[in-house]
Amino acid sequence: MTADGKHTSTPGADLARKINLLMDTAEAEGRRISVNDVLHAMAEAGTPLSRARWHYMRAGTGPVVKKTELLKNLAKFFGVNEEYLLDTNSDVPVRVEAQMELLATMRENKIRNYAARQLGELSPETLLQIRDIIDKRLKDHRSEQAD
């Protein structure tokens, strides 16, 4: 982060963010992808990947991945356009973005449901006030993340 509070990004960090978004999206779709699934798929595609390298790629540490074929095969494995992983300026694929919005909504609903269960003995007016406070905080949090 810079002195003015803006996030700085390195190519490795950009790739890590994208890969982790893809992993989260797969999980949201009900697919639990293990390290072994990725390693096996990459070996079958002709671009073997070590467990350590996968870790570095997901963490954004270590040397920047420059192997175009590996990135293309990863994109194919996750079902996204290869430019998403190859281009540091590419946008989030529509499917990934939609899944992330769905995940955010589901998390917000979990918060609301938890509050309703824990605070069920309060008056309806108080519950509505608490709901409004939660909704405002969640909206503020979304706005902060968008900036």
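All of these numbers come straight from a predicted model, not from anything done at the bench.

Thresholds, definitions, all that
- Every chain begins its residue count from 1, and numbering advances along the sequence as written.
- It should be noted that, the model being predicted, local features are given only for residues of pLDDT at least 70 and side-chain atom pairs only at 80 or more, the latter also being counted only at that level, while totals for whole chains, interfaces and linings use all residues.
- Processing note: side-chain calculations cover all non-hydrogen atoms of the structure and skip hydrogens and water entirely.
- One side-chain nitrogen of Lys or Arg within 4 Å of one carboxyl oxygen of Asp or Glu is enough to make a salt bridge.
- Between buried and exposed lies partly exposed: a residue is buried under 20% and exposed over 50% of the maximum accessible area for its type, with that area taken using a 1.4 Å probe on protein chains only.
- Here a helix means four or more residues in a row that DSSP labels H or I, a strand means two or more in a row labelled E, and each is numbered from the N terminus.
- What the arc measures is the spread of directions leading from the helix axis to the C-beta atoms.
- In what follows, a contact means two residues having at least one pair of non-hydrogen atoms within 4.5 Å.
- A score between 0 and 100, pLDDT records how confident the predictor is in each residue.
- Whenever two N or O atoms come within 3.5 Å, that pair is a polar contact, provided that in protein one can donate a hydrogen and the other can accept it, and provided that, for residues adjacent in sequence, both atoms are side-chain atoms.

1. What about the pattern of salt bridges?
Taken as a whole and judged by the stated rule, the model has three salt bridges. Residue arginine 32 pairs with glutamate 27 through a salt bridge whose shortest N-O separation is 3.0 Å. Residue arginine 32 is classed as exposed on the basis of its relative accessible area of 68%. By relative accessible area, which is 45% here, glutamate 27 ends up partly exposed. Here glutamate 69 ties to lysine 72 by a salt bridge, and the two come within 3.9 Å at their closest N and O atoms. You can see glutamate 69 and its partner lysine 72 sitting in helix 4 (residues 68-78), three residues apart, about one turn around the helix. One continuous salt-bridge network, built from bridges that share partners, spans Glu69, Lys72 and Glu82.

2. A look at helix 2 (residues 35-44)
Taken as a whole, helix 2 has its buried residues at Val38, Leu39, Ala41 and Met42. Projected down its long axis, helix 2 shows its buried positions confined to an angular sector of 165°, all on one face. Elements in contact with the buried residues of helix 2: helix 3 (51-59) and helix 4. Residue glycine 46 follows helix 2 closely and has a positive phi angle near 90°.

3. What about the confidence of the model for the protein chain?
Caution applies to low-pLDDT regions: their predicted coordinates should not be interpreted in detail. Overall, the prediction assigns the protein chain a mean pLDDT of 78, with 71% of residues at 70 or greater. Helix 2 holds the highest mean pLDDT among the elements of the protein chain, 97, whereas helix 6 (residues 94-118) holds the lowest, 67. Within the model, pLDDT remains below 50 along residues 1-8, and this stretch shows four contacts once partners closer than five positions in the same chain are excluded.

4. A few points about the environment of glycine 46
Residue placement: glycine 46 occurs in the loop between helix 2 and helix 3. For the pair glycine 46 and asparagine 73, spaced 27 residues apart in sequence, the C-alpha to C-alpha distance is 8.7 Å.

5. Describing helix 4
Taken as a whole, helix 4 has its buried residues at Leu70, Leu71, Asn73, Leu74, Ala75 and Phe78. Phi turns positive one or two residues past the end of helix 4, at glycine 79, with a value near 75°.

6. Some thoughts on the side chain of threonine 47
Mapped onto the secondary structure, threonine 47 falls in the loop between helix 2 and helix 3. A distance of 2.9 Å separates the side chain of threonine 47 from the side chain of asparagine 73, its partner in a polar contact. Aside from chain neighbours lying at most four places away, what touches threonine 47 is Met42, Glu69, Leu70 and Asn73.

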